[in-house]
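# Residue-level structure breakdown
Chain by chain, the residues run as shown.
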Amino acid sequence: QVQLVESGGGLVQAGGSLRLSCAASGRTFSTYALGWFRQAPGKEREFVAVITWRGGSTYLADAVKGRFAISRDNAKNTVYLQMNSLKPEDTAVYYCASSTKWFARTNVDDYDLWGQGTQVTVSS
């Protein structure tokens, strides 16, 4: 069983930066991809970024391209989300999720396990 623990959220002014971390523990060898999603109050959970665990291929949502970057450190079993040029509309709870499905990308339903989430608040 894989466990995911997010950290790094907080309060930042618009234009600032944050780096989120997602530490994976347990049977990570079956993990194909790790993704970041976010959910703002009253809105559905939406895709932010994904990285394949072995190959390191990445894909980001259009809303964050050019501002966010996803990376991984396999030795530490950790995935990072570097968030730059933050905007108030980036305010949300950010979740890390893992998938054993080779086709997992942007669909919430393709992910098997979720972390507890970390709050990111961007003030204007």
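The residue numbering used here restarts from 1 in each chain and proceeds along that chain's sequence as written. Thresholds applied to this predicted model are a pLDDT of at least 70 for local features of residues and 80 or more for the giving and counting of side-chain atom pairs; totals over whole chains, interfaces and linings are not thresholded and use all residues. Water and hydrogen atoms play no part in the side-chain values, which are based on all heavy atoms of the structure.

### As for the pattern of salt bridges
By definition, a salt bridge exists where a carboxyl oxygen of Asp or Glu is found within 4 Å of a side-chain nitrogen of Lys or Arg. Tallying each qualifying case throughout the model produces 5 salt bridges. For R38, the salt bridge identified is with E46, shortest N-O distance 2.6 Å. Where D62 meets K65, a salt bridge forms, and the shortest distance between an N and an O atom there is 3.2 Å. Overall, the relative accessible area of 44% leaves K65 in the partly exposed class. In this structure, a network of salt bridges that share partners links the residues R38, E46, R67 and D90. Note on classification: 1.4 Å probe, protein chains only; a residue is buried when its accessible area is under 20% of the maximum for its type, exposed when over 50%, partly exposed between these limits.

### Concerning the state of the cysteines
By convention in this document, the label disulfide applies to cysteine sulfur atom pairs within 2.5 Å. Scanning all chains against the criterion turns up 1 disulfide. Two residues, C22 and C96, share a disulfide whose sulfurs are 2.0 Å apart. Where C22 bonds to C96 through sulfur, the torsion about that S-S bond is close to -75°, and the disulfide is left-handed. Taken together, the residues C22 in strand β3 (residues 18–26) and C96 in strand β9 (residues 92–99) connect sequence positions 74 residues apart. What makes C96 buried here is its relative accessible area of 0%. Under the scheme used here, helices are H or I runs from DSSP no shorter than 4 residues and strands are E runs no shorter than 2 residues, and both carry numbers assigned from the N terminus.

### What about the sheet that holds strand β8 (residues 78–83)?
Sheet architecture is open: 4 strands sit in the order β1-β3-β8-β7, paired in antiparallel fashion. Each edge of the open sheet is held by one strand with a lone partner, namely β1 (2–7) and β7 (68–73). On average, each strand axis in the sheet is inclined to that of its neighbour by 15°, with strand direction left out of account. Pairing of β3 with β8 involves 6 bridges; the strand directions are antiparallel. Note that in β8 the partner of C22 across the bridge is V79. The criterion for strand pairing is that DSSP finds at least two bridges linking the strands in question. Axis lines are fitted to C-alpha atoms, over the contacting stretch for helices. Their N-to-C directions set the angle, which ranges from 0 to 180 degrees.

### A few points about unusual backbone geometry
Positive phi, close to 50°, is recorded for N77, a residue that is not glycine. Of note, N77 is situated in the loop between β7 and β8. For N77, a relative accessible area of 22% translates into the label partly exposed. The phi angle at S85 is positive, at roughly 50°, despite the residue not being glycine. In this structure, S85 sits in the loop between β8 and β9.

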